[in-house]
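# An overview of the molecular structure
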Amino acid sequence: MARPLTADIDLNALRHNYQLACELAPDSRSVAVLKADAYGHGAVVCARTLEDLAPAFAVAAIEEAVVLREAGIKVPIVLLEGIFSADELETVDALGLSMAIHSDWQLQAVQDFSPRKPIPVWLKVDSGMHRLGFHPEHAEQAWKRLQSLPDKVTDVHLMSHFATADMTDDRYFLSQFNLLQELAERLDAPTCLANSPTVLAHSEAHGAWNRPGVMLYGSDPLELSSDTSRRLQPVMSLRSEIIAVRELGKGEPVGYGGRYVTQGPARIGVVACGYGDGYDRHAVDGTPVLVDGRRTAIAGKVSMDMLTVDLSDLPEADIGSEVVLWGKSRHGAVLSVDEVATYCDTISYTLLTGVLPRVPRRYR
Ligand SMILES: *Cc1c(COP(=O)(O)O)cnc(C)c1O
C-alpha cells in the first residue's frame, strides 16, 4: 500500500518523439535536451533510453553533465550555457564535454586553458532574444579568435536562440533568422539554432545540429498546433486516485477559502495530489482532469497534498478510481499537459519540471 500518486514515464513515447524530431530534420543531427532532470522525467533514465539514437545530449550546467557521466553515459554532452566559472574547464576537459561560449570572459578562459583534447564549441550569438550571446557585430571577431585556437577548441558551430519560434506571427522570428543566415554565410559556419518550435515549424532554420527539448517529452510548444506536432505522444502521465467522496447539497463551499460553491446537489472527489507534489496551485475551477478516462474538472483550490474534483456527472466514480492530472489514462483517453497549463496561466515546461521528488517516477 502506498499513496497512489505517481509520475508514469512512457519511454517508448520518448523514443517516438525523438525519432519524430529526427524525421523532421533529416539533414540535422538532433541533440536531445536533458536539462532540469530531463524536464522532470529523470535525466539518467531518459539518457539511457536515447543513448543508442542521439549523437549528443544537452544540459544547462556542468553539475547535470557530471550526473550523466557518473551514471556511465558516454554520449557527447553539450553545456548550453557553457561554464559558469573558469575552474569548470578542468571538468569539461576531464569528462569530454562540449560547451557554448556566450561571453568574452568564457572565450578568454578557454584561451588561457590547455585542454588535453580541443573542446567542441558552440559560439552563441544574440540575434534578438537579448539573453545570452555575443552581439552580432562582435560575432565575427569572436569566431575568428576561436578559429585561431585549434589546440583549444574544435568543431565550432554558430548557435543562437529564437524568442518567438512558437508564435504564428513569424515577423520577429524571420528578423532573427535572416540575421543569422547572413552571418553563417559570411563566416561559412555550421549552425545550431533550432529549439522544439523551430524543429516543428521552421525547417529553414534547421542546422547542422538542432536542439529539441520539450517536444521530446510530448508537449506541443506551438501556439497553433500542426498535423506534425499532433503526432507527439505524452511521455509523463501524472496519475493518482480518488481517496474520498463527499455528497454535498446546493450552496456548499469546497476547500480553502470556499472558492468553489456547489450549484446544486454535488459529488466531490478528493484526489491525492497537491501543490506539495508540484501540481500548480494556480489551477482554476474548471481545470480538466480525467477520472476513469472521462473528463471532469477541478472544483476548489488546490491544497498541499490534495485537490478536489467534480464527480456529479460520474456516478460510477468512487474511491480508488483512476485520476489523470495530465497524460494518458489506462482507459485510453489523453489529457495534454499543454491544455492543463493554459488553465494554470503557465506553460507545460513549468508543470513538467515542477513535479517534485516526493512523486515517485515509474518507468515503462
Ligand atoms: C532549453 C533549451 C533548448 C530546448 O528548448 P525547447 O523549447 O524545450 O525545445 C534549446 N536551446 C537552449 C539554449 C535551451 O536552453
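As a convention, each chain's residues are numbered from 1 in the sequence order in which they are written. Local features in this predicted model are restricted to residues of pLDDT 70 or higher, and side-chain atom pairs are both shown and tallied only at a pLDDT of 80 or more, whereas totals for entire chains, interfaces and linings draw on every residue. The side-chain figures draw on all heavy atoms in the structure; neither hydrogens nor water molecules are used.

Going by an unreviewed UniProt entry, the protein carries the name Alanine racemase and comes from Halomonas binhaiensis. The protein has a UniProt comment under Function (unreviewed entry) that states "Catalyzes the interconversion of L-alanine and D-alanine. May also act on other amino acids." UniProt positions are given in the numbering used here, feature names are shortened, and annotations may be inferred rather than shown by experiment. Quoted straight from UniProt, the Catalytic activity (unreviewed entry) entry for the protein says "L-alanine = D-alanine".

## Some words on the side chain of Thr164
You can see Thr164 is positioned in the loop between β8 (153-159) and α8 (171-187). Here Thr164 falls in the buried class, since its relative accessible area comes to 13%. Every residue pair with non-hydrogen atoms within 4.5 Å of one another is taken to be in contact. Other than its neighbours up to four places away in sequence, Thr164 contacts Tyr172 and Phe173. Where helices and strands are cited, they refer to DSSP runs of H or I of at least four residues and of E of at least two residues respectively, numbered from the N terminus. Between buried and exposed lies partly exposed: a residue is buried under 20% and exposed over 50% of the maximum accessible area for its type, with that area taken using a 1.4 Å probe on protein chains only.

## Remarks on the domain arrangement of the protein
How far each domain reaches was decided by an automatic or database domain assignment. Here the protein is partitioned into domain 1 (11-221) and domain 2 (236-363). The C-alpha-based centres of domain 1 and domain 2 are spaced at 37 Å. Tallying the contact residues gives 13 residues for domain 1 and ten residues for domain 2. Accessible surface is computed with a 1.4 Å probe, and the buried area is the amount of it that two parts give up when combined, taken over both parts together. Where domain 1 abuts domain 2, roughly 940 Å² becomes buried across the two surfaces, and 61% of that area is made up of carbon and sulfur atoms. Of all residues in domain 1, the largest losses of buried area upon contact with domain 2 belong to Tyr39, Gly40 and His41, amounting jointly to 44% of the total for that side. For this document, the term salt bridge refers to a Lys or Arg side-chain nitrogen within 4 Å of an Asp or Glu carboxyl oxygen. Applying the counting rule to domain 1 against domain 2 returns zero salt bridges. What qualifies as a polar contact is a pair of N or O atoms within 3.5 Å, subject to a donor-acceptor requirement within protein and to the restriction that residues adjacent in sequence count only when both atoms come from side chains. Remark: the boundary between domain 1 and domain 2 carries five residue pairs in polar contact (both at pLDDT 80 or more). Elements that contribute at least two residues to the side of domain 1 that touches domain 2 include exactly α1 (11-24) and α2 (35-40). At three residues, the largest contribution of residues to the side of domain 1 that touches domain 2 is made by α2.

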